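Now for the letters of each chain:
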Amino acid sequence: MDKIIALAFAGFIAENVILSQFLGICPFLGVSKKRSSALGMGFAVLFVMLISSMVTYVLYRYVLETLNIEYMRTIVFILVIASLVQMVETFIKKVSPALYKALGIYLPLITTNCAVLGVAILNISKDHNFLGTVVYTTAIGLGFIFVMFIFSMLREKINNAPVPKAFQGIPIALVVAAILAILFSRFGGII
Amino acid sequence: MTKKENLLKGLVKENPLFVSVLGMCPSLAVTTSLENALGMGIGVFFVLVLSNFTVSLIMSSPKLAELVKPVRIPVYIVIIATLVSVVEMLMHAFLIDLYNALGVFIPLIVVNCIILGRAEAFASENKPVDSVLDGIGMALGFTAAISLISIFREFIGKGTITVWGDAVLNLKFIFNFLNIEPISMFVQPVGAFLSFGLILATLTAIGNKRKEKMAKGVKANG
């Protein structure tokens, strides 16, 4: 139990995807200009990440490992993620048009979100078991949403601030992210 | 566009990292030392040049292009993923230290936006030779950019510059001379964001100055 809690905490704060592992920087900078879009992207990523981690875990442990073709990992994982994204998109479109409208534009972007592939690979290389995979991935996804949410609020404020011309846009966003990263790296000391 | 322009545009004018701001994740993560940045550069170079070549070869035959067009993104991804797996295996076999240092970021070359971006934006519409030149230019531009960031980070963070293996440039004497310690924060995640932001702002400032100058020059001439 202790291990699971530690894993969850590590995924959420100490090993935060964005601020300490640098995964998913593109959506972090691209869709964090508004709070609503940041949250939409966050939940879409959590959803796809969780499903794809479980599927890739099972595929890796029971298919690739038994057939001794671990070197196919990258190709298999990216194909799983790409087709999952497509499936999730079709599924949501059918079941809940409202949700589709909210998430729609973010879904195709998730295929090339390195956080999704990154977490799937990390779960394998860190030797998590199935429960560990689920817990760690959920924590990572929630951490992603959490940071996206904080960052989008900060960016809404920055928009109205007098930023020097050379820093406008991405440079100031990166400097703000650096300050956020200091906070998060210190939280890591708790465990 | 001439062949030379195709090759050179990736270096400065359309630099994938500093101008298009693509491929951010690896450029923040692996820039803790120059060696890692160069290793990443080699991986991206190999994948980008070959994927550009393969994609343009497929798309320049009209019959294949028609077949591939509706499913081109998955096809590109499979091509790229195959090349990345090759790089991963080669690095594991011959450069094990680098393989361990780069870790998860080697397989993640698959989702590096630069590679898919060049396949879609350039290689699918140009001849193989031009696409290879474009790939070389873009990969060199990317490598130069991450090398710049890593030199900045490693120098301020550790006072050294690791070129490759044991070839380490020790510049601690500068810090001793100034009577300060290296700021280790710069080799930590915090420093990645901060350095990238500062370098990008500096380059933007230089770019703005140049534009002003050019605008003035045009006025003076006109």
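Per-chain numbering applies: the sequence of each chain, read as written, is numbered from 1 onward. To label them, take the chains in the order written and letter them from A, then take the ligands in the order written and number them from 1. Note on the predicted model: pLDDT of at least 70 is required for a residue's local features to be given, and 80 or more for side-chain atom pairs to be given and counted; whole-chain, interface and lining totals, by contrast, use all residues. Side-chain numbers here rest on the full set of heavy atoms in the structure, without hydrogens or water.

Another aspect to go through is the overall build of chain A. Helix numbering and strand numbering both begin at the N terminus, where a helix is a DSSP run of H or I of at least 4 residues and a strand a DSSP run of E of at least 2. Scanning chain A from terminus to terminus reveals nine helices and zero strands. Element order for chain A, N to C, with α for helix and β for strand: α-α-α-α-α-α-α-α-α. Values of the radius of gyration come from C-alpha atoms, whereas the globule rule sets the reference at 2.2 Å times the count of residues to the power 0.38. Taking 191 residues into account, the globule formula puts the C-alpha radius of gyration at 16 Å, and chain A, at 17 Å, falls close to it. A 1.4 Å probe rolled over the protein chains alone gives each residue an accessible area, and that area as a share of the maximum for its type sets the label: buried under 20%, exposed over 50%, partly exposed in between. In chain A, which comprises 191 residues, the proportion classed as buried is 50%. For chain A, restricting intrachain contacts to residue pairs at least 6 apart in sequence, the fraction spanning at least 24 positions comes to 77%. In this description, contact between two residues means that some pair of their heavy atoms is separated by no more than 4.5 Å.

Another point: helix α9 (residues 170-187) of chain A. The end-to-end C-alpha separation of α9(A) is 26 Å, in line with the 26 Å expected for 18 residues at 1.5 Å each. Within α9(A), burial applies to P171(A), A173(A), L174(A), V175(A), V176(A), A177(A), A178(A), L180(A), A181(A) and F184(A). In this analysis, the expected span of each helix is defined as 1.5 Å times one less than the number of residues it contains.

Moving on: the confidence of the model for chain B. All names here are of chain B. Per-residue confidence for chain B gives a mean pLDDT of 86, with 97% of residues at or over 70. Taking the mean pLDDT of every element in chain B, the minimum, 78, falls on strand β2 (residues 167-170) and the maximum, 92, on helix α3 (residues 34-59). Interface confidence for the predicted complex, expressed as ipTM, amounts to 0.83; the pTM equals 0.86. A score between 0 and 100, pLDDT records how confident the predictor is in each residue.

So, on to the interface of chain A and chain B. Each partner contributes residues to the interface: chain A has 37 residues there, and chain B has 35 residues. The contact between chain A and chain B buries some 2900 Å² in all, and 84% of this surface belongs to carbon and sulfur atoms. Defined in terms of a 1.4 Å probe, buried area is the accessible area two parts forfeit on being brought together, summed over both. Considering only the side of chain A, the residues that lose the most area to chain B are F22(A), T74(A) and L174(A), jointly responsible for 21% of the buried surface there. Whenever a carboxyl oxygen of Asp or Glu lies within 4 Å of a side-chain nitrogen of Lys or Arg, that contact is scored as a salt bridge. Inspection of the chain A/chain B interface yields one salt bridge. Between E88(B) and R73(A) there is a salt bridge, with its nearest N and O atoms 2.8 Å apart. Contacts described as polar in this section are N or O atom pairs within 3.5 Å, which, within protein, must combine one atom able to donate a hydrogen with one able to accept it, while residues neighboring in sequence count only if both atoms come from side chains. Inspection of the chain A/chain B interface yields two residue pairs in polar contact (both at pLDDT 80 or more). Among the secondary structure elements, those contributing two or more residues to the side of chain A that touches chain B are α2 (25-30), α4 (73-95), α7 (114-125) and α9 of chain A. Here the element with the most residues in the side of chain A that touches chain B is α9(A); it accounts for 10 residues.

The next point concerns the packing of α3(B) against helix α8 (residues 128-158) of chain B. Residue and element names in this part refer to chain B. Each axis is a line fitted through C-alpha atoms, and for a helix only the stretch in contact is used; angles between axes span 0 to 180 degrees, taken between their N-to-C directions. It is the contact of α3 with α8, at a shortest axis distance of 8 Å, that shows an interaxial angle of 165 degrees. Here α3 is positioned roughly antiparallel relative to α8, judged by the angle of their axes. For α3 against α8, the interelement crossing comes out right-handed. By residue class, the composition of the contact of α3 with α8 is 19 nonpolar, eight polar and two charged. The cut-offs work like this: below 35 degrees is roughly parallel, past 145 is roughly antiparallel, 65 to 115 is roughly perpendicular, and the gaps in between are oblique. Should the near helix be turned anticlockwise from the far one by less than a right angle, the crossing is termed left-handed; should it be turned clockwise, right-handed. We call Asp, Glu, Lys and Arg charged. Ala, Val, Leu, Ile, Met, Phe, Trp, Tyr, Cys and Pro are nonpolar, and the rest, Gly among them, are polar.

Next up on the list: the pairing of strand β1 (residues 160-164) of chain B. All names here are of chain B. Bridge count between β1 and β2: four bridges; the pairing is antiparallel. Residue pairing in the sheet places T160 in a bridge with N170 of β2. Linking β1 back to β2 in an antiparallel pair, the connection comprises two residues, with G165 at a positive phi of about 60 degrees. In this description, strands pair whenever DSSP reports at least two bridges between them.

With that settled, consider the nonpolar core. Counting residues in hydrophobic clusters, the biggest one holds 115 residues, and the most contacted among them are F28(A) and F193(B). Examining the composition of this core, we find that 10 residues originate from one element, α4(A), more than from any other. Those residues in contact with F193(B), other than ones at most four positions away along the chain, are I18(A), L19(A), F22(A), I25(A), F28(A), L174(A), A177(A), A178(A), A181(A) and L28(B). Only buried residues count toward a nonpolar core, which is a set of Ala, Val, Leu, Ile, Met, Phe, Trp, Tyr and Cys residues joined through side-chain atoms within 4.5 Å.

Before going further, it helps to examine the environment of R186(A). Relative to the helices and strands, R186(A) resides in helix α9. Sequence separation between R186(A) and A14(A) is 172 residues, and the spatial gap between their C-alpha atoms is 8.2 Å.

Let us look at the packing of aromatic side chains. When two rings of Phe, Tyr or Trp (its six-membered ring) have centres within 6.5 Å they constitute a pair, described as stacked for plane angles under 30 degrees, edge-to-face for angles over 60, and tilted for the intermediate range. For the structure on display, the rule yields 10 aromatic pairs over all chains. Considering the side-chain rings of Y57(A) and F130(A), the 5.6 Å spacing of their centres and the 55 degrees angle between planes classify their relative orientation as tilted. Residue Y57(A) is found in helix α3 (residues 35-64), and its partner F130(A) is found in helix α8 (residues 130-159); the two are separated by 73 residues along the sequence. By relative accessible area, which is 9% here, Y57(A) ends up buried. Put simply, the rings of F22(A), F28(A), F151(A) and F193(B) pair up and form one aromatic cluster.

Before going further, it helps to spend a moment on the environment of T162(B). Residue and element names in this part refer to chain B. When you line up the elements, T162 lands in strand β1. The spacing of T162 and I77 is 85 residues in sequence and 33 Å in space, taken between C-alpha atoms. Excluding residues within four positions of it along the chain, T162 makes contact with S33, L34, E35, E154, A167 and V168.

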